[in-house]
Amino acid sequence: MRRNNFILVDFSQRENKRKIFTMDKNNNTSDKKGLTRGEFIKNTALAAAGISIIPRHVLGGKGYVAPSDKLYIACVGCGGEAQNDIEHFAYTPKKNAVIAFLCDVDDRRSAATRKEFPKAPYYHDWRELFEKEAKNFDAVTVAIPDHNHAIVGLNAMKLNKHLYLQKPLTHDIYEARILTEAAKKYKVVTQMGNQGASFDGMRTLKEWFDAGLIGDIEKVYNWTNRPVWPQGIPWPSDKPPVPKELNWDLWLGTAEYIDYIDNLVPFNWRGWWRFGTGALGDMGCHIIGPSFKLLGLQYPTEVTCDASAVYSGIFKESYDPMSIPPSSKFRFKFKLPNGRDLKLYWMDGGLIPERPDELEPDVNMNDALAGVPKLGDYEGGSLFIGTKGKISCGWGGRNPRLLPLSLNNNIDVPEKYPRVEGSANGHWWQWVDASIAGYHNDYKGNAALPVPGQEKAYVDSPIEDYAGPLTETVLMGNLLLRSFGIRNKNGDDYDYPGRYIEYKWDGPNMKITNFEAANQFVKREYRKGWGELEL
């Protein structure tokens with residue numbers, strides 16, 4: 001919480017206690033009673049008592065990290081991915097993060113984390129935590145269902161707290177834009193939880209692109225094994241009791257009220273538009289991210305979408321506007337910084353690109369193009385098609401490889417971009433270090449990869465320069481997918497006017513220009529009592 005470069009220690013205290021004075025943004029130093037450095041200098045009695053400036057490491061011995069050199073974190077969300085985030089912060093190599101507070105609406109999900117960090121006070125409502133404890137933490141990490149990301153993240157930034165926010169940043173396009181503007185306004189260190197941005201493979205891809213190994217990139221195919229939860233199903237009609245350990249009202253948060261159902265919490269909410277963002281929201285930031293950063297993409301200009309339809313009877317298509325289709329594919333058109341056109345494709349629900357001719361017939365395509373050798377880890381990948389060749393990689397740019405695969409035995413491209421210590425693990429550590437240093441202040445070991453046109457980056461996935469616009473693009477795809485379900489009564493049947501058209505997207509103004517009905521999905525209304533997104 002205190003980020004001065006030295007500690008003023010007052011040895012005049014009778015009980016030999018150290019009084020730590022902190023430095024504000026105007027270089028005034030004060031104690032907890034509000035004594036400024038100017039007043040302190042004028043106080044001749046204290047001056048006579050003997051004030052010494054002592055380096056931090058002298059106070060605690062070798063390996064000691066002073067409290068003023070640590071980041072005190074309030075954690076909103078404690079189970080699942082949140083637990084993974086918390087453990088990465090708690091056990092940084094520098095031991096420079098403190099899990100100061102825990103918050104979760106589900107005592108079952110938070111139980112293990114509360115046991116691991118028993119000294120951290122525990123709250124159910126993040127609003128109460130922020131109101132009562134804001135002065136006692138520096139930063140906030142958020143890993144909760146997508147529909148509540150933005151409201152928590154924005155309020156953290158408004159308190160001038162550094163923010164680590166899981167992917168996708170938000171549920172809606174408008175929310176992503178507001179968070180981007182907030183990150184610029186409040187000047188806090190932000191990082192989206194797409195740890196693949198810190199993989200070595202991101203740097204390798206950039207080096208290969210710079211070296212022109214595959215010429216000018218014209219197409220990129222992206223695909224994933226998601227969804228790995230139920231999608232395309234009707235909302236259950238049963239109304240079971242709410243588990244006593246779960247605060248259902250707080251879990252709903254900004255979403256419209258609806259009765260509790262089984263098998264929604266803690267994971268399957270991803271398949272419902274009320275709360276989740278589907279396969280594209282879950283993995284799009286991981287998988288589209290390398291193209292977005294390394295190729296310098298901004299907003300797409302035209303997008304098309306196809307999705308699978310589910311039938312409840314003979315020639316009777318099921319209709320639930322809140323149920324996400326089980327599979328989908330997209331084509332985004334971008335204008336590259338050099339003026340060339342790029343087509344970027346997305347596929348999910350078991351759909352994959354056309355098999356490259358360079359692969360042998362008996363080779364598993366997913367393993368060959370996107371898997372992690374010896375780990376059998378496949379969750380999705382990308383295939384870059386250039387004028388001179390092809391490169392594929394796993395999610396987050398991991399393990400890039402040339403096609404045909406035999407070419408990988410003779411690659412001679414030198415490393416020129418620093419690697420992040422710990423690779424993907426360093427994505428968490430990097431944010432801690434940058435937050436302690438302060439907004440856009442340098443720190444040792446910084447290996448963040450800047451977006452094209454910028455000389456330097458301080459973290460790999462900052463909201464204002466990268467994660468915000470990337471999230472908007474991912475969610476713009478979901479806008480089309482939701483529009484796919486718009487229907488109008490036509491006699492005994494229905495018309496679907498949002499299907500099989502090319503959508504024109506005005507990115508700066510967040511608006512579809514040729515199908516007005518789609519714009520209802522840019523921004524949703526929050527449930528009464530949960531406020532609005534206001535800077």
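Data block above holds the structure.
Here is a short report on the structure shown in this document. Computed from a predicted structure; not experimentally measured.

## So, the packing of helix α11 (residues 278–287) against helix α15 (residues 463–483)
Then, number 1: Interhelical geometry of α11 versus α15 gives an angle of 150 degrees and a closest axis separation of 9 Å. Regarding the angle of α11 to α15, the classification is roughly antiparallel. For the element pair α11 and α15, the recorded crossing hand is right-handed. The segment α11 lies against α15, with L280, G281, G284 and C285 engaging L470, T471, V474, G477 and N478.
Then, number 2: Residues of the contact of α11 with α15, tallied by class, amount to four nonpolar, five polar and no charged.

## Structural notes on the sheet that holds strand β5 (residues 71–76)
Then, number 1: With respect to topology, six strands assemble into an open sheet ordered β7-β6-β5-β8-β9-β10, the strand pairing being parallel. Each end of this open sheet is capped by a strand with a single partner; those strands are β7 (122–123) and β10 (190–193).
Then, number 2: One ladder, built from six bridges, connects β5 with strand β6 (residues 97–103); its direction is parallel. Residue pairing in the sheet places Y72 in a bridge with V98 of β6.
Then, number 3: Lying over the sheet, helix α7 (residues 149–158) contacts β5, β8 (139–142), β9 (162–166) and β10, oriented at roughly 170 degrees with respect to β9.

## Concerning the pattern of salt bridges
Then, number 1: Under the defined criterion, the tally for this structure stands at 31 salt bridges.
Then, number 2: Where D210 meets K416, a salt bridge forms, and the shortest distance between an N and an O atom there is 3.1 Å. Of this pair, D210 sits in helix α9 (residues 200–210) while K416 is found in the loop between β19 (401–403) and α14 (426–437), placing the two residues 206 residues apart along the sequence.
Then, number 3: The class of D210 is partly exposed, set by a relative accessible area of 35%.
Then, number 4: Residue classification places K416 among the exposed positions, given a relative accessible area of 53%.
Then, number 5: For K244, the salt bridge identified is with E245, shortest N-O distance 3.2 Å.
Then, number 6: Take K244: its relative accessible area is 79%, and that puts it in the exposed class.

## A few points about empty space enclosed by the protein
Then, number 1: One pass over the full model with this rule turns up four cavities of 30 Å³ or more.
Then, number 2: Estimates place the volume of the largest cavity at around 80 Å³.
Then, number 3: Lining the largest cavity we find H171, D172, I173, W273, G276, T277, L475, N478, L479, R482 and F521.
Then, number 4: If you tally residues by element for the lining of the largest cavity, the top one is α15, at four residues.
Then, number 5: Looking at side-chain class alone, the lining of the largest cavity contains five nonpolar, four polar and two charged residues.

How each quantity is defined
- Residues numbered from 1 in each chain as written.
- Predicted model: local features only at pLDDT ≥ 70, side-chain atom pairs only at ≥ 80, totals over all residues.
- Heavy atoms only, no water.
- Axes fitted to C-alpha atoms, helices over the stretch in contact; angles between N-to-C directions.
- Helix = DSSP H or I, 4+ residues; strand = E, 2+ residues; numbered from the N terminus.
- Parallel < 35°, antiparallel > 145°, perpendicular 65-115°, else oblique.
- Left-handed = near helix turned anticlockwise from the far one by under 90°.
- Contact = heavy atoms within 4.5 Å.
- Nonpolar A, V, L, I, M, F, W, Y, C, P; charged D, E, K, R; others polar.
- Pairing = 2+ DSSP bridges.
- Salt bridge = Lys/Arg side-chain N within 4 Å of Asp/Glu carboxyl O.
- Buried < 20%, exposed > 50% of the residue type's maximum accessible area, 1.4 Å probe, protein only.
- 1 Å grid on protein atoms, 1.4 Å probe; cavity = no way out; pocket = protein on both sides within 12 Å on 5 of 7 lines; lining within 4 Å.
- Points joined across faces, edges and corners; volume = space filled by probe spheres on them.

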